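The lines below spell out each chain.
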Amino acid sequence: MLRRVARLCRNLVDRDAVERALDEEVAATLDLLSEQHREAGLAPGEARRRAVLELGGVEQVKGRVRDVRSGRLLEDVMHDVRYGTRLLRRAPGFAVVVALTLAVGIGATTTVFSWARTTLLEPMPGVARQNEILLIAERDRTGHLGTNSYPDYLAYRETTHAFSDVAASGFLRVILSDGQSPERVFGAIVSGNYFSFLGVHPALGRSFLPEETAAFGTGAVVVLSDGLWRRRFNADPAVLGRSVTLDGHPCRVIGVAPPGFVGDFPGVAFSFWVPITMQPQLLPDVERQSRSDHWLSLRGRLRPGVTLEQAQAEFLEIGRRIEREDPAGNEGRRPVLFSLWQSPMGSAPVLRPVLAVLAAVVGLVLLLACANVANLLMVRGLGRAHEISLRLSLGASRGRLVRQFATESLLLGLMGGAGGLALARAMVGTLSGFIPPMGLPIHVPVGLDWSALAFAGAITLVTVLAIGIVPALTGVRTDLAGRLNAGGFRTTAAAGRAPLRQGLVVAQVALSMMLLAGAALFLRSVLNADSLRPGFDGRPVLVASLNLPKSYNQVSGPALYQHLLERVRSLPAVRAASLAHAVALSPFGGGGTTLTVDGYQPPTKDAYGAWFNIVSPDYFRTLSMTLLEGRDLAERDTADAPLVAIVNQAMAERYWNGRSAIGGNFTPSNRRRVLVVGIVKNSKNFSINEDTEPYFYLSYRQHFEAEMHLHVQATNGDPVALAPLVRSAMAAVDPELAVSETAPMADFLRFAFFAQRVGSTLLCLFGVMALLLAGMGLYGVVSHNASRRKREMGVRFAFGATAADVRRLIIVQGLRLLVVGLPVGVLGSIGLGMAARSQLYGVSPTDPISLGAAGLALAAVLVVAAGIPAWRAAQVDPVTILRQE
């Protein structure tokens, strides 16, 4: 074995020495035979001739020796690679077009499926075995999904058999201070098993000890994120043991999370984690022992062999038992389990629809790329018919030709794969670029999905290899003499493959039409969204997010808010200013609650509810909302005054149908009875496609919230210029007041159109690519057909045809493929539009303007693609052509 390996290495590395040894051995054998014949009495010349005949030919012997020599196959492969490289260098245009086409198909497919994996299937970077983790949500009687209470967490964790463990986490927004300027940061209050549940080990220090999570009010420790540690503490390892304050409460730093890990809430990057035992300090308003206070997000890790359905059945039974034990706080509430990609919370519900559309689109792009490459390879293969015939006539075997063509195809596939990898690497991080700046630490994980890259590469490589070797396979079955005489143009094989090439062009036209029409539909959706009037005008409004330290209470907090509003309203560039707990059309457009409305009898026993926001006076004027009836909230609506609310049209019509809502009363869950004093016109609050639902507004002086958003309307319509003035005003009111971000409200509206913007941008990009690919495909077919019909053109010219007649003939025949492919593409476009209907805004999947524009763009490009070879065909000299023929 070792000797064979040594021979192989010597044959490959020292080829000159091996050849010299072969020459010497053959020469010695020939000399020996010649000497034997001379000794037998033959003359030297005749002895030499006899020796050569007896040997079987010098070069023939050397060839047979080379055929059985170790490494021969590898030598042939290397020869094929060198030969294929030379051929591709002689046709750089063809090589570049094929490689780019493959790169687009591979790169686009890999990018979108990488997005799907990192945002939907594995949305928590650094967390082990995410496919085993399920979200435990709770559905109330109105159908709304929400979080869980602390008693629910204990009950689920203690009684479940489906999960190996259950972990809890709650959202925190606090003011962090360590002697430097205070900073508003987002983090999580988590159960003691949080890090072990996720399989995350701190890169520095440790996680929580059992004694730090044993009793509420203790365990004042914190684990920092890698990002916060590097940004605020300059990656200093000595941060361990230091004390920082969270909302004024000192905490000791005990660890730093590993790089990349940002928490368990997909789409949001947390900066720290504290144990759940710090709830009394950081979330004092939470009623921890109440099943009605839902503040924890729960996740469970499935035991091996347990399915989601089995776990769901178990949790339904647990939910019924909890309801029987405590019907007051749990009547009609049921636990619901979701896999991560189906989660109704986090980034999944925002990204899932648009990624589904894009996955279908890049699938079409990949098909289009394969069809285009197949067409180009077939046309090129037909152009090499004469070369194939010549090589066959010189003794080349079928296998040798197939291997040579396969090597060339493999080189093209590798070039395309390398380009696709580079394109995917460049594009995979662009998804976060579509997200406007928000008041949240939005985090979109990025990473290349190598399995998607391998799949896309394999599909294209198989296509290239399968089509690339067709000329070699068919070449040996044709008449060599006839083909050599015909110069390779008029062959049966060429004619036989014409329908296939034309069919590929028809498929390209149809796929291109689908992509272009899809792009037009999404583009129109974005244009409609830009002109959207969601019931308010946020264009001249600046939003500044602030969070009061816990030192402010029900009395001092509203007083500070009022002082802040008065100061901001006094600025010369401010027309109106107000406060709101939730920002309309942001990720948190309001809270949900069940209701009891005086005098209203629901049609079923099911509970009914509404969404709500907590706002200050002038909120509706700041956002240019229309107050239809009654009055606005006022500063006199204090905690000592009767509780009041303003409802929207939908709520007034649903619960006071036929009666005036003004003067009516209703009682939100966990709140006191409120009086309706006004009715405001309906507006969008969560998404542009939402159905109008009951919504009401409470007074900020009667329902204190530490987190509020200052809304400021600029007099000159430029809210950005207000940012420094607003920050100065806030610092003047309280220097310790932390402001997370100031941003135009238009940025929040852009987030609401996130899916449409991603869809329109990428579909436009893919549509243009598809247009170019279809144009190249038609150009190749028409150009090849025109070259085959040179003699026919010459005869037509000889009989009086004009150049215009020839151009018209070529173009019309080329556009027949458009006529066939266009209707198919229109039907496919409508199907694609129907699938993406939920992401379209103000436009129908059958929108004639979008379909017409896409069809015209496609027709224009294809006319040019057919016109170029038609123009060249019209330039031929009939005398020259007829003489050649």
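Our structure's up above, just so we're on the same page.
If you're wondering where the values come from, they're calculated on a predicted model, not measured in any experiment. (Residues numbered from 1 in each chain as written. Predicted model: local features only at pLDDT ≥ 70, side-chain atom pairs only at ≥ 80, totals over all residues. Heavy atoms only, no water.)

Thoughts on the nonpolar core
Consideration 1: In this structure, Y561, V568, V647, M651, F666, F696 and L710 are the most contacted members of the largest nonpolar core, which totals 47 residues.
Consideration 2: Dropping the residues within four chain positions of it, L710 is found in contact with L542, V543, A544, L546, L564, L565, V568, S578, L579, V726 and M730. (Core = buried A, V, L, I, M, F, W, Y, C linked by side-chain atoms within 4.5 Å. Buried < 20%, exposed > 50% of the residue type's maximum accessible area, 1.4 Å probe, protein only. Contact = heavy atoms within 4.5 Å.)

Brief notes about the packing of aromatic side chains
The geometry of an aromatic ring pair is captured by the separation of the ring centres together with the interplanar angle, meaning the angle of the planes.
Consideration 1: With the rule as written, the count across this model stands at 24 aromatic pairs.
Consideration 2: Where Y619 meets Y697, the ring centres are 6.0 Å apart and the plane angle is 45°; that geometry is what we call tilted. Here Y697 lies in strand β20 (residues 695-699) and Y619 lies in helix α21 (residues 619-622), a separation of 78 residues in the sequence. Taken as a pair, Y619 and Y697 share a single burial class, namely buried.
Consideration 3: Site record: aromatic cluster; members linked through ring pairs are Y600, F612, Y655, W656, F666 and F696.
Consideration 4: In this structure, R288 packs its charged tip against the face of F216, placed 3.8 Å from the ring centre.
Consideration 5: A cation sits over an aromatic face here: R301 above F197, 5.4 Å from the ring centre. (Phe/Tyr/Trp six-rings, centres within 6.5 Å; stacked < 30°, edge-to-face > 60°. Helix = DSSP H or I, 4+ residues; strand = E, 2+ residues; numbered from the N terminus. Lys NZ or Arg CZ within 6 Å of the ring centre and 35° of its normal.)

Looking at the packing of helix α6 (residues 92-121) against helix α16 (residues 450-468)
Consideration 1: Packing of α6 against α16 leaves a shortest axis separation of 8 Å and a crossing angle of 155°. Judged by the angle between their axes, α6 and α16 are roughly antiparallel. In the packing of α6 onto α16, the handedness of the crossing is right-handed. Along its contact with α6, which presents L102, I106, T109, T110 and F113, the element α16 presents A452, L453, A456, G457, T460 and V464.
Consideration 2: Residue classes in the contact of α6 with α16 are distributed as 7 nonpolar, 4 polar and no charged. (Axes fitted to C-alpha atoms, helices over the stretch in contact; angles between N-to-C directions. Parallel < 35°, antiparallel > 145°, perpendicular 65-115°, else oblique. Left-handed = near helix turned anticlockwise from the far one by under 90°. Nonpolar A, V, L, I, M, F, W, Y, C, P; charged D, E, K, R; others polar.)

Notes on a nonpolar patch on the surface
Consideration 1: There is a patch of nonpolar side chains on the surface, built from L73, L74, V77 and M78 and spanning about 350 Å² of accessible area.
Consideration 2: Looking at the secondary structure, you find M78 in helix α5 (residues 72-90). (Patch = residues over 30% accessible without salt bridge, like charges linked within 9 Å, V, L, I, M, F, W, Y side chains within 5 Å. Areas by Shrake-Rupley, 256 points an atom, 1.4 Å probe, with all protein chains shown as cover. Salt bridge = Lys/Arg side-chain N within 4 Å of Asp/Glu carboxyl O.)

Considering the pairing of strand β7 (residues 243-246)
Consideration 1: Burial along β7 is one-sided: the residues V244 and L246 are buried and none of S243 and T245 is.
Consideration 2: When strand β3 (residues 163-177) meets β7, the two strands line up antiparallel, connected through 2 bridges. Of the residues in β7, the one forming a bridge with S177 is T245.
Consideration 3: Sheet analysis places β7 next to strand β8 (residues 249-256), joined by 4 bridges and oriented antiparallel. Pairing of S243 across the sheet is with R252, part of β8.
Consideration 4: Hairpin connection of β7 to β8: 2 residues between the antiparallel strands, including D247 at a positive phi of 55°. (Pairing = 2+ DSSP bridges.)

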